[in-house]
Amino acid sequence: MNKRVLLYKRKIRNAAKKVAFSDVSRSIAREIYSLSRRSALVSAGIERTNSSEIFGRLSSERLPEGKYFAKLTIKDWENHLDKRFKLFQGNKLIYGNQIEKPARGFPLEYRNIVVSSRRLENFSLSIDAPFTLAISQGAFSTQQQTDYDFKYGVEQHGDVFYSLRGNKVNPRKIIITFPGFGPSTTRIPYSVSYLKALTDKDLKDTLMVCFQDRYMVSGTYMITDSAGRPLYSRVKSAIDSLLREYNLQDRDMLLFGASKGGSIAIYYAQEYPGAQLVVAVPQMNLPYYMNKPFFRNNLFLVPEIHNIEQPESILRRYFREGRKIDYFYTNSDELSNHSLIEFARDIPGLTKHRINGKHGDVARTALPSILNIMRGFLGVSTVKEIRAETLRTFSDESFIFGQARIQTGISRTDPINWYLEGNLGRSVFRVLLTDHSYDFVKYSDRSQRIIPAYDPVESINTIVGLGADGSVYKGRFPNHLERSPEHRNKLISEFQPILDDTQGGVKEYAIVNGATYSRFKYVAQPIQADGRTVEVHFVDDITNIAKIRAAAKQTHPTKTLIIVESQDEMTFANLFALRCVMTLKGQRLRIVLHNRNLDATQVKALVKTDWVHVQVVLVHAASNLNISRRPYSNWIRKRRLNVLQSAQREMQSLEAVGNSQTDGNILRLPKAPEHFKAEEVSQGRSQSPTLSAGTAPRVALAQTSSDTVVATRQEGQRAKEKVDATFSARKNSIRKSGKKSKRK
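Residues numbered from 1 in each chain as written. Predicted model: local features only at pLDDT ≥ 70, side-chain atom pairs only at ≥ 80, totals over all residues. Heavy atoms only, no water.

Asks: Please clarify how the overall build of the chain should be interpreted in this entry.
Replies: Along the chain, the regular secondary structure elements total 18 helices and 32 strands. Burial analysis of the chain (744 residues in total) assigns 51% to the buried set. (Helix = DSSP H or I, 4+ residues; strand = E, 2+ residues; numbered from the N terminus. Buried < 20%, exposed > 50% of the residue type's maximum accessible area, 1.4 Å probe, protein only.)

Asks: I tried to follow unusual backbone geometry on my own but got confused; where do I start?
Replies: Glycine aside, negative phi is the norm for most residues, and most peptide bonds take the trans geometry. Cis geometry is found at the peptide bond from Arg630 to Pro631, where omega equals 0°. Examined against the element boundaries, Pro631 turns out to sit in the loop between strand S30 (614-618) and helix H16 (632-637). For Val281, which is not a glycine, the phi torsion comes out positive at approximately 40°. Mapped onto the fold, Val281 is located in the loop between strand S12 (276-280) and helix H8 (286-290). Its identity is not glycine, yet Ser339 carries a phi of approximately 55°, on the positive side. Looking at the secondary structure, you find Ser339 in the loop between helix H11 (334-337) and strand S14 (350-354). Taking relative accessible area as the criterion, Ser339 reaches 2% and is therefore assigned buried.

Asks: Just checking my understanding: could you explain the confidence of the model for the chain for this structure?
Replies: Low pLDDT marks regions whose predicted coordinates should not be analysed in detail. Of all residues in the chain, 77% attain a pLDDT of 70 or more, and the chain-wide mean is 83. Taken together, the stretch residues 659-716 has pLDDT below 50 and engages in 121 contacts with residues farther than four places along the chain or on a different chain. Note on residues 739-744: pLDDT is under 50 here. Beyond four places in sequence and across chains, it has zero contacts. (pLDDT = per-residue confidence, 0-100. Contact = heavy atoms within 4.5 Å.)

Asks: In this structure, what is going on with the pattern of salt bridges? I would like to understand it.
Replies: Side-chain pairing between opposite charges can occur once the charged atoms of the two side chains come close. Under the criterion given, the structure shown has 31 salt bridges. Note that Asp213 is salt-bridged to Lys260, the shortest N-O span being 2.9 Å. Taken together, the residues Asp213 in the loop between strand S10 (206-212) and helix H6 (232-245) and Lys260 in helix H7 (residues 260-268) connect sequence positions 47 residues apart. Via salt bridges that share partners, Lys71, Glu109, Arg111 and Arg187 belong to a single interconnected network. (Salt bridge = Lys/Arg side-chain N within 4 Å of Asp/Glu carboxyl O.)

Asks: Even after reading the chapter, I still don't get the packing of aromatic side chains, so can you show me in this structure?
Replies: How two aromatic rings sit relative to each other is given by the distance of their centres and the angle of their planes. Evaluation of the coordinates by the stated rule reveals 24 aromatic pairs. Summarising the aromatic geometry, the rings of Phe178 and Tyr268 are spaced 6.1 Å apart at their centres and angled 15° between planes, so their arrangement reads as stacked. Here Phe178 is found in strand S9 (residues 173-178), whereas its partner Tyr268 is found in helix H7, with 90 residues between them in sequence. When sorted by exposure, Phe178 lands in the same class as Tyr268, which is buried. Ring geometry for Tyr232 against Tyr268: centres 5.2 Å apart, planes inclined by 10°, an arrangement best described as stacked. A residue pair is termed long-range when its members are at least 10 positions apart, and Tyr232 in helix H6 and Tyr268 in helix H7 qualify at 36 residues. Each member of the pair, Tyr232 as well as Tyr268, is classed as buried. (Phe/Tyr/Trp six-rings, centres within 6.5 Å; stacked < 30°, edge-to-face > 60°.)

Asks: Explain the sheet that holds strand S24 (residues 507-513) here, please?
Replies: Strand pairing in a sheet is mediated by backbone hydrogen bonds. Such pairs are either parallel or antiparallel. Pairing in this open sheet of seven strands is mixed, and the strands run S24-S25-S28-S26-S29-S30-S31 from one edge to the other. The open sheet terminates on both sides in strands that have one partner only, identified here as S24 and strand S31 (641-643). Taking each pair of neighbouring strands and ignoring which way they run, the sheet shows an average axis angle of 25°. Two strands pair when backbone bridges link them, and S24 and strand S25 (residues 516-526) are joined in this way by seven bridges, in the antiparallel orientation. (Pairing = 2+ DSSP bridges. Axes fitted to C-alpha atoms, helices over the stretch in contact; angles between N-to-C directions.)

Asks: Can you help me understand the side chain of Lys352 in this one?
Replies: Within the element layout of this structure, Lys352 appears in strand S14. Asp455 provides the closest opposite charge to the buried, salt-bridge-free Lys352, at an N-O distance of 6.0 Å. Polar side-chain contacts of Lys352 include one of 2.9 Å to the backbone oxygen of Ile341. Looking at Lys352, its side chain comes within polar contact range of the main-chain oxygen of Ala344, at 3.0 Å. (Lys, Arg positive; Asp, Glu negative; His and termini not counted. Polar contact = N/O pair within 3.5 Å; in protein donor to acceptor, adjacent residues only side chain to side chain.)

Asks: I keep staring at the pairing of strand S11 (residues 253-258) and nothing clicks. Help me out?
Replies: Side chains on a regular strand alternate between the two faces of the sheet. S11 sits mainly inside the fold: six of its six residues count as buried. Every second residue of S11 is oriented toward a common face, with Met253, Leu255 and Gly257 on one face and Leu254, Phe256 and Ala258 on the other, all of them buried. For S9 and S11, the ladder comprises five bridges, and the chain directions are parallel. Within S11, the residue paired with Phe178 across the bridge is Gly257. Sheet topology note: the S11/S12 ladder contains five bridges and is parallel. What sits directly across from Leu254, in S12, is Gln276. As for the winding sense of the linkage, the β-α-β connection from S11 through H7 to S12 is right-handed. (Right-handed = clockwise from strand over helix to strand, strands pointing away.)

Asks: I'm lost on the sheet that holds strand S5 (residues 123-125) in this one. Help?
Replies: Strand order in this open sheet of three strands is S3-S2-S5, and the pairing throughout is antiparallel. Because the sheet does not close on itself, it has two edges, and the strands there are strand S3 (92-98) and S5. Averaged over all pairs of adjacent strands, the angle between their axes in this sheet comes to 15°, without regard to strand direction. Pairing between strand S2 (residues 84-89) and S3: six bridges, direction antiparallel.

Asks: Can you walk me through H7 in this structure?
Replies: Since the α-helix advances by 3.6 residues per turn, residues separated by three or four positions end up pointing in the same direction. In terms of burial, H7 is a largely internal element, nine of the nine residues being buried. Along its buried surface, H7 packs onto S9, H6, S11, S12, H8 and helix H10 (311-321).

Asks: Honestly, the environment of Phe328 in this entry has me stumped. Any pointers?
Replies: Within the fold, Phe328 resides in strand S13 (residues 325-329). Note on Phe328: relative accessible area 0%, which makes it buried. Sequence separation of Phe328 and Ala366 is 38 residues, and the distance between their C-alpha atoms is 7.7 Å. If we skip the residues at most four places from it in the chain, Phe328 touches Val278, Val279, Ala280, Val281, His353, Ile355, Val362, Ala366, Ser369, Ile370, Ile373 and Tyr419.

Asks: I tried to follow the packing of H7 against H10 on my own but got confused; where do I start?
Replies: A packed helix pair is summarised by two numbers, namely the angle formed by the two axes and the spacing between the axes. Look at H7 against H10: their axes get within 9 Å of each other, and the N-to-C directions meet at 55°. As summarised for this structure, H7 and H10 are arranged oblique, according to the angle between their axes. The two elements H7 and H10 meet at a crossing, and its hand is left-handed. Of the residues in H10, those touching H7 at Ser263, Ile266 and Tyr267 are Pro311, Ile314, Leu315 and Tyr318. (Parallel < 35°, antiparallel > 145°, perpendicular 65-115°, else oblique. Left-handed = near helix turned anticlockwise from the far one by under 90°.)

Asks: I keep staring at the nonpolar core and nothing clicks. Help me out?
Replies: It is characteristic of soluble globular proteins that their nonpolar side chains tend to be buried jointly. In terms of nonpolar packing, the biggest core is built from 168 residues, with Phe538, Ile562 and Phe576 touching the most fellow members. The greatest single-element share of this core, amounting to eight residues, is contributed by helix H14 (residues 573-583). Residues within four places of Ile562 in sequence aside, it is in contact with Leu499, Tyr522, Val523, Ala524, Val534, Glu535, Val536, His537, Phe576, Cys580 and Leu584. Membership of the second largest hydrophobic core comes to 21 residues, among which are Leu87, Tyr95, Leu125 and Leu133. (Core = buried A, V, L, I, M, F, W, Y, C linked by side-chain atoms within 4.5 Å.)

Asks: Just to check I follow, could you spell out the environment of Met216 for this structure?
Replies: Structurally, the position occupied by Met216 is in the loop between S10 and H6. Sequence separation between Met216 and Ala139 is 77 residues; the distance between their C-alpha atoms is 8.9 Å. Once residues lying within four places of it in the same chain are set aside, the contact partners of Met216 are Arg111, Asn112, Tyr190, Thr224, Asp225, Ser226, Gly228 and Val302.

This is how it looks when you write it as structure tokens:
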């Protein structure tokens with residue numbers, strides 16, 4: 001009888017939930033929830049009955065049948081701080097992150113993970129920590145998020161969330177902002193870019209729309225909703241509806257975002273070519289940016305993130321269209337820049353603002369400039385000519401620094417960003433300066449260096465001040481910065497995307513991070529369209545080459561073969577290889593090192609390339625690399641590092657010459673795989689490579705016949721048998737000596 005009662009209760013409860021979360025009930029809940037923002041009486045009634053959370057969940061986004069929102073609470077998190085965890089539903093990974101401290105006084109929670117089961121026994125955690133899981137058909141929230149939404153007027157419009165401020169009656173312009181990320185454990189995971197410094201007076205003729213990225217755990221770049229369904233048409237429809245309602249055109253529009261918000265702004269500006277675009281440190285390649293602990297096991301798993309046209313490709317299209325773009329960036333952010341903005345030049349409408357500092361410093365430091373540009377868009381900007389007296393150049397062997405002296409008496413009532421300005425063809429280039437204790441002196445500190453390899457040194461002869469109040473100060477010096485004799489001529493002028501066209505000859509590419517840059521020459525050949533492995537072969541000289549085959553017989557066929565020459569001692573070679581595999585959407589990465597002067601540090605950096613399936617193949621010996629010691633021995637055992645017989649022989653020769661102390665240990669060396677065979681070539685220099693299509697294409701490598709390594713399967717087998725025989729003889733010798741000792 002009790003079982004029957006429980007069964008009936010469960011059926012009634014499920015039926016009640018089905019009615020509560022139906023479309024009709026959700027619409028009613030949304031109306032009441034929206035009304036509570038405008039009516040103190042309704043708001044007081046909701047608070048009095050403690051039903052705010054219930055109404056919030058009922059009015060939230062609706063998931064497809066069989067999908068639910070989950071709230072994961074991890075206890076005892078102090079013992080697992082900074083560790084990575086994964087949440088599994090059965091054998092399927094559904095969420096993962098790196099543990100950070102929660103807000104003081106609150107539990108460690110991850111809300112709105114989308115699952116497909118309500119049975120708690122189906123879930124497990126990868127770390128040994130107690131946890132709880134709450135599952136609902138409505139989204140989870142916090143009181144802090146509710147208060148935040150109320151404070152900034154965020155309302156739900158279908159499945160899109162935004163707040164409105166400024167002129168809501170008859171605006172002549174419209175500013176649309178998009179939000180960035182907050183900390184992963186924040187109690188307010190869904191923010192808006194409200195820009196409080198823009199007052200009602202500033203916005204008297206302007207409508208400001210602040211979108212909220214309220215999907216999944218902490219947002220999806222507004223690419224998908226929580227169920228993974230594309231959002232583009234719904235967000236665009238909301239924007240178009242506002243433009244129609246207020247009779248506005250795209251030329252009356254400015255889109256702004258920082259970090260994640262910058263990428264979203266680029267994504268949603270596609271249909272509005274006349275709009276002005278202001279972005280700060282946007283991510284140019286989302287999968288590349290998300291290939292790190294905080295995103296790899298959550299957002300990185302969303303297919304649409306990989307399938308959309310990436311912001312870099314969209315922005316290059318805007319460059320060709322000559323759109324008006326202000327781009328704030330730092331050189332210390334290769335994850336976001338993806339070798340685009342550092343080298344962008346001769347683009348009409350583009351103004352580059354280089355800010356010193358890390359990713360998170362840029363928007364905060366450049367806020368006066370951002371407000372200045374927005375006030376200029378609103379028509380409250382003034383331009384003031386100033387006297388630029390002297391511009392002095394200081395330099396070392398790699399960098400240039402400037403010191404500017406201007407007129408005195410410029411008001412400091414509002415913060416001002418000062419820049420040195422030059423031209424990159426039709427593009428404007430600005431680099432931030434530091435205020436001296438004397439208000440008439442501005443200078444470049446060590447982090448604001450000018451890099452002769454790709455900055456327009458000779459054209460920098462102007463100083464510009466952008467005040468938060470809209471004031472623009474501008475003066476031209478009688479001279480320009482000067483390049484020192486020790487500085488080489490411009491080394492980097494291309495900013496083509498990596499692997500933009502795998503057909504053709506040798507291409508160039510460069511990577512910048514901080515004060516360091518590295519250049520590469522490469523040639524690429526498609527092998528098999530449905531292949532899973534991207535092979536990246538590093539060579540010493542891409543013009544002096546012999547022939548080598550891509551991996552032939554293997555479980556995971558080669559998708560593309562790339563031959564690379566590093567021009568700067570293999571600096572950032574791991575990043576180049578990583579960008580290759582991610583651009584080509586490969587699953588596995590194989591790095592083959594044909595270089596003759598590598599050291600252990602360079603090999604280690606490549607083995608530690610941040611990709612799940614990576615293997616490094618060493619063709620020649622590397623200095624200071626002992627494969628019998630950790631971490632190299634572990635990498636060999638895990639097949640992450642593969643040292644060919646050619647490299648092993650060279651290492652053994654070096655050990656013999658150097659009389660290395662090995663205590664008589666015998667090392668069992670791994671056999672060279674069959675599919676890495678370097679073929680002998682004829683005497684003399686080879687001709688330039690011809691990359692032809694086929695099942696076994698040959699790609700040119702730098703070697704001569706005297707240096708050619710022949711690593712065949714038979715030779716590997718003979719080496720293995722020789723080592724086994726030596727090892728067996730030594731073991732027998734030890735056994736016999738042990739028996740003699742016992743007899744004595």
